[in-house]
Amino acid sequence: MKLFLAILVLAAVVQLLLPWWTLAAAALLLGALLARRGGQAFGAGFGGAALGWLLPAGYLYVRNGGHLANRVAELLPLGGQGWAVVLVAAVIAGLVGALAALTGCWLRQAISPTSADTVSA
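Residues numbered from 1 in each chain as written. Predicted model: local features only at pLDDT ≥ 70, side-chain atom pairs only at ≥ 80, totals over all residues. Heavy atoms only, no water.

A. Summary view of the layout of surface pockets. Put simply, the largest pocket is a space of about 240 Å³. Contributing to the lining of the largest pocket are 13 residues, with Ala57, Leu60, Leu68, Ala69 and Val86 lying nearest its centre. Put simply, the parts of the chain that give the lining of the largest pocket at least two residues each are α3 (38–63), α4 (67–75) and α5 (82–111). The element best represented in the lining of the largest pocket is α3, accounting for 5 residues. Of the residues belonging to the lining of the largest pocket, the class tally is 11 nonpolar, 2 polar and no charged. (1 Å grid on protein atoms, 1.4 Å probe; cavity = no way out; pocket = protein on both sides within 12 Å on 5 of 7 lines; lining within 4 Å. Points joined across faces, edges and corners; volume = space filled by probe spheres on them. Helix = DSSP H or I, 4+ residues; strand = E, 2+ residues; numbered from the N terminus. Nonpolar A, V, L, I, M, F, W, Y, C, P; charged D, E, K, R; others polar.)

This is how it looks when you write it as structure tokens:
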């Protein structure tokens with residue numbers, strides 16, 4: 001839960017100031033520092049990053065009446081549903097965050113394996 005909240009908060013903050021891909025750097029760093037297992041890193045990274053994109057995208061969709069999202073949904077094979085664009089964006093962000101956090105966890109385990117890492121591997 002601590003890793004999930006840390007990724008959610010840090011990813012949201014860095015995306016306000018820096019490009020979108022800094023989400024991956026934040027998840028990688030936190031995965032390396034806080035994750036104990038690969039599954040934990042993947043789940044927390046997916047949830048934190050996906051929620052970090054779902055909430056602002058949903059807010060912007062509701063705020064502007066979904067005009068832009070509906071237009072993008074018409075271009076993509078999403079049946080013109082703007083909410084589908086919001087959900088697809090959240091899933092893609094979640095996968096980026098999950099893979100970055102998993103990479104960070106595995107990188108830490110490869111550089112300095114602890115006794116718990118070697119037993120579980």
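B. Looking closely at the packing of helix α1 (residues 2–17) against helix α2 (residues 22–34). Where α1 meets α2, the closest approach of the two axes is 9 Å, and the angle between their N-to-C directions is 150°. What the angle tells us is that α1 and α2 run roughly antiparallel. Here α1 runs over α2; the crossing is right-handed. Residue-level inspection shows Lys2, Leu3, Ala6, Ile7, Leu10, Ala11, Val14 and Gln15 of α1 in contact with α2, the latter providing Thr22, Leu23, Ala26, Ala27, Leu30, Gly31 and Leu34. Along the lines of polarity and charge, the residues of the contact of α1 with α2 split into 11 nonpolar, 3 polar and 1 charged. (Axes fitted to C-alpha atoms, helices over the stretch in contact; angles between N-to-C directions. Parallel < 35°, antiparallel > 145°, perpendicular 65-115°, else oblique. Left-handed = near helix turned anticlockwise from the far one by under 90°. Contact = heavy atoms within 4.5 Å.)

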